Structures are given as C-alpha cells and as structure tokens.
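Given next are the chains, with one letter for each unit.
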Amino acid sequence: MILLVLIVSVLFVSTGLWTIDYGRNLPTGDQDVNRDQSFFNEFLYGPPGYERVRALVGGVVLIVMGVFGIVYSFLSLILR
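Residues numbered from 1 in each chain as written. Predicted model: local features only at pLDDT ≥ 70, side-chain atom pairs only at ≥ 80, totals over all residues. Heavy atoms only, no water.

K.L.:
For this particular structure, what's the right way to read the side chain of S9?
P.N.:
Relative to the assigned elements, S9 resides in helix α1 (residues 2–24). The residues contacting S9, other than those within four sequence positions of it, are G66, G69 and I70. (Helix = DSSP H or I, 4+ residues; strand = E, 2+ residues; numbered from the N terminus. Contact = heavy atoms within 4.5 Å.)

So, in structure tokens, the structure goes:
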C-alpha cells in the first residue's frame, strides 16, 4: 500500500510540474485581447487570463498533494 501511495504521489508531482509548464505558455489577461468578450463566453470560460491562473494554481495543488503523499509514505515507513 505504501508503494502505491508513493507511486501516485510521484505522478501527482510530475503532473503538477507539467501543468505549471503548460500554464506558463497560456496567454495572460492582457495578452488575451482577441478573445470573444461576450457574456455567454465569459460565463462559460471565465475572464481573460483565467485559464492560465487555473492551470498554475492546479499545478501547485497537485504538487502539494504529491509532496504530502511522499511525506506520508516515508513517515509510515519510519514509524512502523
């Protein structure tokens, strides 16, 4: 079970790093000026630059979850 938690945690960290890298390549709110500014589009997809923020915050959350999983697996091995 500990090995499974460790593997999933490493996957979370690597996916978080990939998501942050992806988010850094998305346009910021100032760069996203050619986007459709209608109410319906903004209601569905958020304001300009929202995709970038969502990717960056999601990457940080995944990395934090992965680090907690790695710490948990090592602590459970040590405290056994």
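K.L.:
How should I be thinking about a nonpolar patch on the surface in this particular structure?
P.N.:
Among the surface-exposed residues, V67, V71, F74, L75, L77, I78 and L79 lie close enough to one another that they form a single nonpolar patch of about 690 Å² accessible area. Residue placement: L79 occurs in the segment after α3 (50–78). (Patch = residues over 30% accessible without salt bridge, like charges linked within 9 Å, V, L, I, M, F, W, Y side chains within 5 Å. Areas by Shrake-Rupley, 256 points an atom, 1.4 Å probe, with all protein chains shown as cover. Salt bridge = Lys/Arg side-chain N within 4 Å of Asp/Glu carboxyl O.)

K.L.:
I would appreciate a short explanation of the environment of E51 in the present structure.
P.N.:
If you trace the backbone, E51 turns up in helix α3. What makes E51 partly exposed here is its relative accessible area of 37%. Here the alpha-carbon distance between E51 and D21, two residues 30 residues apart in the chain, equals 13 Å. (Buried < 20%, exposed > 50% of the residue type's maximum accessible area, 1.4 Å probe, protein only.)

K.L.:
Explain the environment of S73 to me, please; I cannot follow it from the model alone.
P.N.:
Assignment of secondary structure puts S73 in helix α3. Of the residues examined, S73 reaches a relative accessible area of 2% and is grouped as buried. In contact with S73, not counting residues within four places along its chain, are I2, V5 and L6.

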